[in-house]
Amino acid sequence: MHLYRSALLRFADDGSALYDEDGLLATAPDERGVQRVVAAGPWQALAARHAGQPVTHWPGRLIAPGFVDLHIHFPQTDVIGSPADGLLPWLETYTFPHESRFADPAYAAGVARFFLDELARNGVTTALAFATSHPGSVDALMAEARARRLRLIGGKVLQDRHSPDGVRDQTEQSLIDTEALIHRWHGVDRLGYAITPRFAPTSTPAQLAGAGEIAARHPGVWIQSHVAENVDEIRWARELFPASRSYLGVYGDCGLLRERAIYAHCIHLDDADRALMRETGAAAAVSPTSNLFLGSGFFDYAAAERAGMAYGLASDVGGGTSFSPFRTMLAAYYVGREGQTRPGLSLAPEHLWWQHTAGAAQALGLQGVVGNLQPGCEADFVVLNPRATPLLARRTQAAQNLAELLFAMIVLGDDRTVERTVIA
Ligand SMILES: [Zn+2]
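Cut-off values and rules
Residues numbered from 1 in each chain as written. Predicted model: local features only at pLDDT ≥ 70, side-chain atom pairs only at ≥ 80, totals over all residues. Heavy atoms only, no water. Helix = DSSP H or I, 4+ residues; strand = E, 2+ residues; numbered from the N terminus. Rg over C-alpha atoms; globule rule 2.2 N^0.38 Å. Buried < 20%, exposed > 50% of the residue type's maximum accessible area, 1.4 Å probe, protein only. Contact = heavy atoms within 4.5 Å. Areas by Shrake-Rupley, 256 points an atom, 1.4 Å probe, with all protein chains shown as cover. Donors = N, O, S within 2.8 Å, 3.2 Å for Na, K, Ca; no water. Tetrahedral: all angles 85-135°; square planar, octahedral: opposite > 155°, others 65-115°. Pairing = 2+ DSSP bridges. Axes fitted to C-alpha atoms, helices over the stretch in contact; angles between N-to-C directions. Phe/Tyr/Trp six-rings, centres within 6.5 Å; stacked < 30°, edge-to-face > 60°. 1 Å grid on protein atoms, 1.4 Å probe; cavity = no way out; pocket = protein on both sides within 12 Å on 5 of 7 lines; lining within 4 Å. Points joined across faces, edges and corners; volume = space filled by probe spheres on them. Nonpolar A, V, L, I, M, F, W, Y, C, P; charged D, E, K, R; others polar. Core = buried A, V, L, I, M, F, W, Y, C linked by side-chain atoms within 4.5 Å. Parallel < 35°, antiparallel > 145°, perpendicular 65-115°, else oblique. Left-handed = near helix turned anticlockwise from the far one by under 90°.

Draft legend 1. Spotlight on the overall build of the protein. Secondary structure assignment for the protein yields 16 helices and 15 strands. Scaling as 2.2 N^0.38, a compact globule of 424 residues should have a C-alpha radius of gyration of about 22 Å, and the protein matches this with 21 Å. Oriented by its inertia axes, the alpha-carbon framework of the protein measures out at about 65 × 50 × 35 Å. When each of the 424 residues of the protein is scored for burial, the buried share is 61%. Across the protein, every contact between residues at least 6 apart in sequence was considered, and the portion connecting residues at least 24 apart equals 74%. Of the accessible surface of the protein, which amounts to about 15800 Å², a share of 51% is contributed by carbon and sulfur atoms.

Draft legend 2. Representation of the coordination of the zinc ion. Summarising the metal site, the zinc ion is bound by the protein donors H71 (NE2), H73 (NE2), H226 (NE2) and D316 (OD), whose distances to it range over 2.0 to 2.3 Å. One way to put it: the four donor atoms around the zinc ion meet at angles of 86 to 169°, and that makes the site irregular. Mapping the donors of the zinc ion onto the primary sequence gives the spacing H-x1-H-x152-H-x89-D. On the criterion of sequence distance, the pair formed by H226 in strand β10 (residues 222–227) and D316 in the loop between β13 (310–313) and α12 (325–337) is long-range, its members being 90 residues apart.

Draft legend 3. Up close: the sheet that holds strand β15 (residues 418–422). Read from one edge to the other, the open sheet built from six strands follows the order β3-β2-β1-β4-β14-β15, with strand pairing classed as mixed. Edge positions in the sheet fall to β3 (35–42) and β15, since each of these pairs with one other strand and no more. Averaged over neighbouring strand pairs, the angle between their axes works out to 40° when direction is ignored. Direction of pairing for strand β2 (residues 17–29) relative to β3: antiparallel, over a ladder of seven bridges.

Draft legend 4. Local environment of the packing of aromatic side chains. Scanning the entire structure with this criterion turns up 17 aromatic pairs. For the ring pair F74 and F115, a centre distance of 5.7 Å and an interplane angle of 55° mean the geometry is tilted. Of this pair, F74 sits in the loop between β5 (67–73) and α2 (87–99) while F115 sits in helix α3 (residues 105–121); the two residues are 41 residues apart in sequence, bridging distant segments of the chain. Of the two residues, F74 and F115, both sit in the buried class. Ring pairing ties together the aromatic residues F74, F102, Y107, F115 and F323, which thus form one cluster.

Draft legend 5. Region of interest: the side chain of H356. Within the secondary structure, H356 is located in the loop between α13 (349–355) and α14 (358–363). In this view, H356 contacts F67, V68, D69, L313, A314, P325, T328 and M329; residues no more than four positions away in its chain are not counted.

Draft legend 6. Local environment of the layout of surface pockets. Taken as a whole, the largest pocket holds about 410 Å³ of empty space. Surrounding the largest pocket, 21 residues form its lining, A7, Y19, E21, R387 and L405 being those nearest its centre. Elements that contribute at least two residues to the lining of the largest pocket include exactly β1 (2–11), β2, β4 (55–65), α15 (390–397) and α16 (402–412). For the lining of the largest pocket, the leading source of residues is β4, giving six residues. Of the residues that constitute the lining of the largest pocket, the class distribution is nine nonpolar, seven polar and five charged.

Draft legend 7. Molecular detail of the nonpolar core. Among the nonpolar cores identified, the biggest contains 97 residues, and F299 and W353 are the most heavily contacted of them. Setting aside residues no more than four positions away along its own chain, F299 makes contact with H265, C266, I267, A284, V286, A304, M309, Y311, V335 and R342. One finds L128, A285, A314 and A361 within the second-largest nonpolar core, a separate group that totals 17 residues.

Draft legend 8. Spotlight on the packing of α3 against helix α4 (residues 135–147). The contact between α3 and α4 brings their axes to 9 Å, and the two run at 40°. Taken as axis vectors, α3 and α4 run oblique relative to one another. The crossing of α3 and α4 is right-handed. Contact with α3, carried on its side by A108, A109, A112, R113, F115 and L116, involves S137, A140, L141, E144 and A145 of α4 and no other residues of that element. For the contact of α3 with α4, a count of residues per class yields eight nonpolar, one polar and two charged.

Draft legend 9. Structural view of empty space enclosed by the protein. Under the defined criterion, the tally for this structure stands at two cavities of 30 Å³ or more. Counted as a void, the largest cavity has a volume near 110 Å³. L87, W90, L91, H226 and E229 are the residues nearest the centre of the largest cavity, which is lined by 15 residues in total. Class assignment of the residues belonging to the lining of the largest cavity gives a composition of five nonpolar, six polar and four charged. Here the second largest cavity is characterised by a volume of approximately 60 Å³. Elements that contribute at least two residues to the lining of the second largest cavity include exactly α11 (301–307) and α12. The residue makeup of the lining of the second largest cavity, split by class, is six nonpolar, two polar and three charged.

Written as structure tokens, this is what we have:
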């Protein structure tokens, strides 16, 4: 058993934050050797039960759940910060040419190592990641994640049309490859597989239908794609699939909306789309730094809440501009505040944090597994230093309550705030 003593943040089932200024976290290995939380709460109340155990004491630090990134492209690590006139030119000019390099397994393995190092440095312990259309890019990512004992989910991109040579795949073969990768990686140690159509315009109806059939055969496997990010993209999708009620409806018509299906962006949905998200159990990966960078628009938090659809936060690197969950949470705050097209909201700091931890885990169907530090959870966590920089120290010292402490870290924090990332 491991005992840790520090300030401790976790979440109740209703999403409210639980905070112990002097907290105890106890972990012990399960039958597979994965460390799980066996106790979490106030030191005073729990310490006597664990008397005699050695204690790791981190005074002045905050133990918090490892962050969960609901949408990220591992091959776009080197595309981050590429300027373009919006989404479609950005794909053509930077992203597709770069992703073609992942045909080389050695290149893919090198980027996978850097990518996972960068997630860890930023306190991200679970990610739902796109690879490229090359099956070897999935093997590279999964092998490296397995060696690090990560709970990571990823998949081979499906894109059999409107894509240049080097990234375009073949309909039949892409589906065979997807199923082979599910058998190779899904459920191996902590890994999971996600069926990954890039977005409707780059897949033929046959490829999307095939993906939907695979999703039906493997209900425990995830689905990830993009929807309703940008108005030009939406127009294009509507032209290509005129029979569907909406862009989101294309995925529904192909059997690609269900629990464990995560759709990046979901900016320009209507209320019928949002109801479809709720009814099917699909969830949105809100990607605010990407949406601000590419000028795509603002996720409508109030409408999502009204509809009861699930959502969580994502970096969307490389359209997104940072691996840091602090940058993403701050950008989500900006997106909520936007008040020109609708009444602006001030998203509470605890709610921003929940969206990137327990809320994101819930969107994945992994509540009680990751993204939280309640008893039974796998013990992926971060040790944060609220005094990591002079300004952060000054500001957090003046915090009067949990909301002020968390908001100071959201606004001023970055990778320097993450002192340690512990994998279960
Ligand atoms: Zn994306």
